[in-house]
Amino acid sequence: MIVCLSSLVAIRLGSPSWIWSLLAGIGLLMAWGRPWRFLHVALHTIKRDLKCLVVILRVKFSLHRHLHSGRTIPDLFAHVVAHHPDKPALICEATGEVWTFRELNDKCCAVAGWAVAQGWTEGDVVALYLESRPPLVALWLGLAMVGVEAALINHNLRQHSLLHCVGTCTVRAMVFGTELTEAVSEVSGSLDPSVVLFSIGDQSDESNVASLQAKSLEPLLARSPTRPPKRPLSKGFNDKLFYIFTSGTTGMPKAAVVVHSRYYRIAAFGFHSFGLRHDDIIYNSLPLYHSAGNIMGVGQCLLFGLTVVVKRKFSASRFWKDCIKYNCTVIQYIGEICRYLLAQPVHPSEAGHRVRIAMGNGLRPSVWEGFVQRFRIQRVGEFYGATECNCSLINIDGRVGTCGFISRILPSFYPVGLVRVQEESMELLRDAQGLCVPCRPGEPGVLVGCINQNDSLRRFDGYADQDSTNRKIAHNVLKMGDSAYISGDLLVMDEYGYVYFKDRCGDTFRWRGENVSTTEVEAILSGLLGHTDVAVYGVAVPGVEGKAGMAAIADVGEQFDRFTFLTAVQKSLPPYARPIFLRLLPQLDTTGTFKIQKMRLKMEGYDPHHSNEQLFFLNSRAGCYEVLTEELYRSIIKGGVCL
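Rules and cut-offs
Residues numbered from 1 in each chain as written. Predicted model: local features only at pLDDT ≥ 70, side-chain atom pairs only at ≥ 80, totals over all residues. Heavy atoms only, no water. Helix = DSSP H or I, 4+ residues; strand = E, 2+ residues; numbered from the N terminus. Rg over C-alpha atoms; globule rule 2.2 N^0.38 Å. Buried < 20%, exposed > 50% of the residue type's maximum accessible area, 1.4 Å probe, protein only. Contact = heavy atoms within 4.5 Å. Lys, Arg positive; Asp, Glu negative; His and termini not counted. Charge placed at Lys NZ, Arg CZ, Asp CG, Glu CD. Core = buried A, V, L, I, M, F, W, Y, C linked by side-chain atoms within 4.5 Å. Pairing = 2+ DSSP bridges. Axes fitted to C-alpha atoms, helices over the stretch in contact; angles between N-to-C directions. Nonpolar A, V, L, I, M, F, W, Y, C, P; charged D, E, K, R; others polar. pLDDT = per-residue confidence, 0-100. Parallel < 35°, antiparallel > 145°, perpendicular 65-115°, else oblique. Left-handed = near helix turned anticlockwise from the far one by under 90°. Arc of directions from axis to C-beta. Salt bridge = Lys/Arg side-chain N within 4 Å of Asp/Glu carboxyl O. Phe/Tyr/Trp six-rings, centres within 6.5 Å; stacked < 30°, edge-to-face > 60°. Lys NZ or Arg CZ within 6 Å of the ring centre and 35° of its normal. Polar contact = N/O pair within 3.5 Å; in protein donor to acceptor, adjacent residues only side chain to side chain.

### Things to note about the overall build of the protein
Working step 1: Within the protein one finds 20 helices and 30 strands.
Working step 2: The globule rule puts the C-alpha radius of gyration for 643 residues at 26 Å, and the 26 Å found for the protein is close to it.
Working step 3: Expressed along its principal axes, the backbone C-alpha trace of the protein runs to roughly 75 × 70 × 50 Å.
Working step 4: In the protein, which comprises 643 residues, the share counted as buried stands at 56%.
Working step 5: A fraction of 69% describes how many contacts in the protein between residues 6 or more apart in sequence connect residues 24 or more apart.
Working step 6: Taken as two groups, the 66 positive and 59 negative side-chain charges of the protein have centres that lie 6 Å from each other.

Structure follows, in structure tokens:
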């Protein structure tokens, strides 16, 4: 049965010969060495795999159709507008303003007309630097109507990071929200003189905006025609749509290229995999400069006609109240949002919502079941992926704690896999033939996706910077001559192919001969402390092999009892995983998508001179966390204290 399915899939996906697929299926069965075990796994996963196969085929055929018809995202949006022009498209939570699909289209056309009037042509880039609200969608989509590419810049960036992003894409102009006037003022003198500034938003503080010699965009758009632009586009489905910048947790942000087909692919997988309906209303509190908010969220509006509520900024206390107010049926999460909601006091509003689906990524296994039970969520649509990657995974059957799966019985229909790495350096391990070594179930490895630029599911479009693109590609991975995208994330797969997130690149450290997973330790410590923010990382101690664990804990204040905490830690963690150093902070630095930034914490380490916060050291002989004084610090550095 499995061999026949493999053959059928290969034929449908365009394999040159069904014979090769048949031989591959037979080889797979023989490779297992235990046919009965193979059948056991097949019986447990065939329903899941076929369900995902249907989604993949559906998305793949749509991609193929749009590619050969020369459609773009603006074309697909126009089709949606024609079907229900008066249906609400975007709702601005901050103002209560509702844009119908017709109104959104009119605003996009006005942006397109303005872009033409500026003399911009296909391939020009305009930076968009404003907080999350509907005009941001109208801006990038309107620019795309005439082939101009937007660079969606994180509105939290300032000074050097902001200049870096603007300079990376060689922009012709920059549109900024008036709420960010001060941030633009800080860098305006360093911008290329050719960059034209436009402001959008509240013009109450006109003097500051005028000092930047920025033009107010609203009057220009008001005079612009609202009919579709007549200028024909030469761009196709695999050409650039816009740039999205990576979070920059381990360095400066990189401008990831998003082509039209990638935008469609991400949104379509979400729609078809998680049971979304055309009448759903999505509550989107994620930033629109990020792929989760702008593609997985807003993409459902633009491509499938759903209504999206755009929240300017995530608020845990307002979350469920907003969902009730707007009759939301789907919510989005990323990073730590679910933990923040779970940490809120119980409130009547959380029981009155109509939400049935939560979709996103980064829901920790330690939070998953509590979140679903407390808030009565029928389905969690967890996925794994990055804006630029070609090896996204989908948890299509709601398996608790997994970020997706890799088929054990039909591995060829979506060629991704885990390969072995040296965990500390993340260097790919290779066999005698020079190929990467596939991971066995239970063996941690890095996720890779085979690259095929002629396949919209497997293409890798990289970054604006070619060097950054080259660093994410490995060669001779699964066979000689191939190329693959390297995710940089450490994952582990069980016998049934379910994949579990282990760590971000570089987030493991070795102590007492054991590899310590910071993600796992963070989840446990956070749970012990009532779901507060915790960052775990390794710090070097002179004369001691490996790195000692250190935990930065946010917002525990005077209620932190280090003696009770140690007792709980000893019950929950093995000795090698227990943090040696503690640091108590008012709050942790996070990205706009709630990823904890550890770079500064690692650099400052446990030196009391670098911190005004409380520091503690685990004295194993005394069996307690003691205050880390300057005298104790010097003793540790000189090797006078036994760890």
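After that view, the rundown keeps rolling.
### Some points on the nonpolar core
Most often, soluble globular proteins have nonpolar side chains that are buried together.
Working step 1: Core analysis: the largest hydrophobic core is formed by 109 residues, its most contacted members being Trp114, Leu128, Trp140, Leu143, Phe242, Tyr263 and Leu302.
Working step 2: For this core, the element with the most residues is helix α3 (residues 35-69), which contributes eleven residues.
Working step 3: Ignoring sequence-local partners within four residues, the contact set of leucine 302 consists of Leu76, Phe77, Val80, Leu104, Val137, Trp140, Leu141 and Tyr263.
Working step 4: By size, the runner-up hydrophobic cluster in this structure holds 44 residues, among which are Val536, Leu573, Leu601 and Leu615.

### Brief notes about the pairing of strand β13 (residues 357-361)
Working step 1: Counting buried positions along β13 yields five of five residues, so the element is predominantly enclosed.
Working step 2: Neither face of β13 is exposed, since Ile357, Met359 and Asn361 on one face and Ala358 and Gly360 on the opposite face are all buried.
Working step 3: Bridge analysis of strand β12 (residues 330-334) against β13 gives five bridges, and the strand direction is parallel. Note on β13: the bridge partner recorded for isoleucine 331 is alanine 358.

### Here we look at the packing of helix α4 (residues 73-83) against helix α12 (residues 291-304)
Working step 1: Running from N to C, α4 and α12 point in directions that differ by 65°, and their axes come no closer than 7 Å. Contact with α4, carried on its side by Ile73, Leu76, Phe77 and Val80, involves Cys301, Leu302, Leu303 and Phe304 of α12 and no other residues of that element.
Working step 2: Taken together, the residues of the contact of α4 with α12 break down into eight nonpolar, no polar and no charged.

### Some remarks on the confidence of the model for the protein
Working step 1: Per-residue pLDDT for the protein has a mean of 88; in total, 91% of the residues score no lower than 70.
Working step 2: Across residues 1-23, confidence stays below pLDDT 50; counting only partners more than four residues off in sequence or on other chains, it has 27 contacts.

### As for the sheet that holds strand β27 (residues 548-554)
Working step 1: The sheet built from five strands is open, its strands ordered β26-β27-β28-β29-β30 with mixed pairing. For this open sheet the edge positions go to β26 (534-539) and β30 (624-627), each flanked by a neighbour on one side alone. The average angle at which neighbouring strand axes cross in this sheet is 25°, direction not considered.
Working step 2: In the sheet, strand β29 (residues 614-619) pairs with β30 via four bridges, with the strands oriented antiparallel. In the strand pairing of β30, asparagine 619 is matched with cysteine 624.
Working step 3: Against the sheet, helix α18 (residues 562-572) engages β27, β28 (581-585), β29 and β30, with an angle of about 140° to β30.

### Quick word on the packing of helix α5 (residues 101-117) against helix α6 (residues 134-145)
Working step 1: Taken N-terminus to C-terminus, the directions of α5 and α6 make an angle of 60°; their axes are 7 Å apart at the nearest point. Regarding the angle of α5 to α6, the classification is oblique. In this structure, α5 crosses over α6, and the sense of that crossing is right-handed. Each of Leu104, Asn105, Lys107, Cys108, Cys109, Val111, Ala112, Trp114 and Ala115 in α5 lies in contact with α6, whose residues at this interface are Ala138, Leu139, Leu141, Gly142, Leu143 and Met145.
Working step 2: Each residue belonging to the contact of α5 with α6 can be placed in one class, and the counts come to twelve nonpolar, two polar and one charged.

### Description of helix α20 (residues 630-637)
Working step 1: For α20, every residue scored as buried is listed here: Leu632, Tyr633 and Ile636. Buried residues of α20, viewed axially, fall in a sector of 105°; they line one side.
Working step 2: Buried residues along α20 sit in contact with β28, β29 and β30.
Working step 3: Following α20 by one or two positions, glycine 639 adopts a phi angle in the positive range, close to 85°.

### Section: the pattern of salt bridges
Working step 1: Summed over all chains, the structure comprises 25 salt bridges.
Working step 2: Linking arginine 262 and aspartate 461 is a salt bridge whose minimum nitrogen-to-oxygen distance equals 3.8 Å. Of this pair, arginine 262 sits in helix α11 (residues 260-273) while aspartate 461 is found in the loop between β20 (445-450) and α16 (466-471), placing the two residues 199 residues apart along the sequence.
Working step 3: Since its relative accessible area comes to 16%, aspartate 461 is described here as buried.
Working step 4: Between glutamate 443 and arginine 420 there is a salt bridge, with the nearest N and O atoms lying 3.3 Å from each other. In this pair, glutamate 443 sits in the loop between β19 (427-428) and β20 while arginine 420 sits in the loop between β17 (416-419) and β18 (421-422), placing the two residues 23 residues apart along the sequence.

### Some points on the packing of aromatic side chains
Working step 1: By the definition in use, this model includes 24 aromatic pairs.
Working step 2: Taken together, a centroid distance of 6.5 Å and an interplanar angle of 35° make the contact between phenylalanine 77 and phenylalanine 101 tilted. One end of the pair, phenylalanine 77, is in helix α4; the other, phenylalanine 101, is in helix α5, with 24 residues separating them in the sequence.
Working step 3: Given the relative accessible area of 0%, phenylalanine 77 is considered buried.
Working step 4: For phenylalanine 101, a relative accessible area of 0% translates into the label buried.
Working step 5: Both rings, one in phenylalanine 581 and one in tyrosine 606, keep their centres 4.1 Å apart while their planes meet at 5°; by these two values the pair is stacked. With phenylalanine 581 in strand β28 and tyrosine 606 in the loop between α19 (599-604) and β29, the pair connects residues that are 25 residues apart, well separated along the chain. Residues phenylalanine 581 and tyrosine 606 agree in their burial class; the two are buried.
Working step 6: Sitting above the plane of the tyrosine 498 ring, arginine 48 keeps its charged end 4.6 Å from the centroid.
Working step 7: In this structure, lysine 107 is placed above the aromatic ring of tryptophan 99, and the distance from its NZ or CZ to the ring centre is 4.7 Å.

### Describing the environment of arginine 231
Working step 1: Inspection of the secondary structure assignment puts arginine 231 in the loop between α10 (217-222) and β8 (240-245).
Working step 2: If we ignore the near neighbours within four places in the chain, the residues touching arginine 231 are Val116, Trp120, Thr121 and Val146.
Working step 3: Of note is the side chain of arginine 231, whose polar atom sits 3.2 Å from the backbone oxygen of tryptophan 120.
Working step 4: Looking at arginine 231, its side chain comes within polar contact range of the main-chain oxygen of valine 146, at 3.2 Å.

### Focus on the environment of leucine 180
Working step 1: Mapped onto the secondary structure, leucine 180 falls in the loop between β5 (173-177) and α8 (181-187).
Working step 2: Leucine 180 sits in the buried class, given a relative accessible area of 3%.
Working step 3: Residues leucine 180 and tyrosine 129, 51 residues apart in the sequence, show an inter-C-alpha distance of 7.9 Å.
Working step 4: Ignoring sequence-local partners within four residues, the contact set of leucine 180 consists of Tyr129, Leu130, Glu131, His155 and Arg158.

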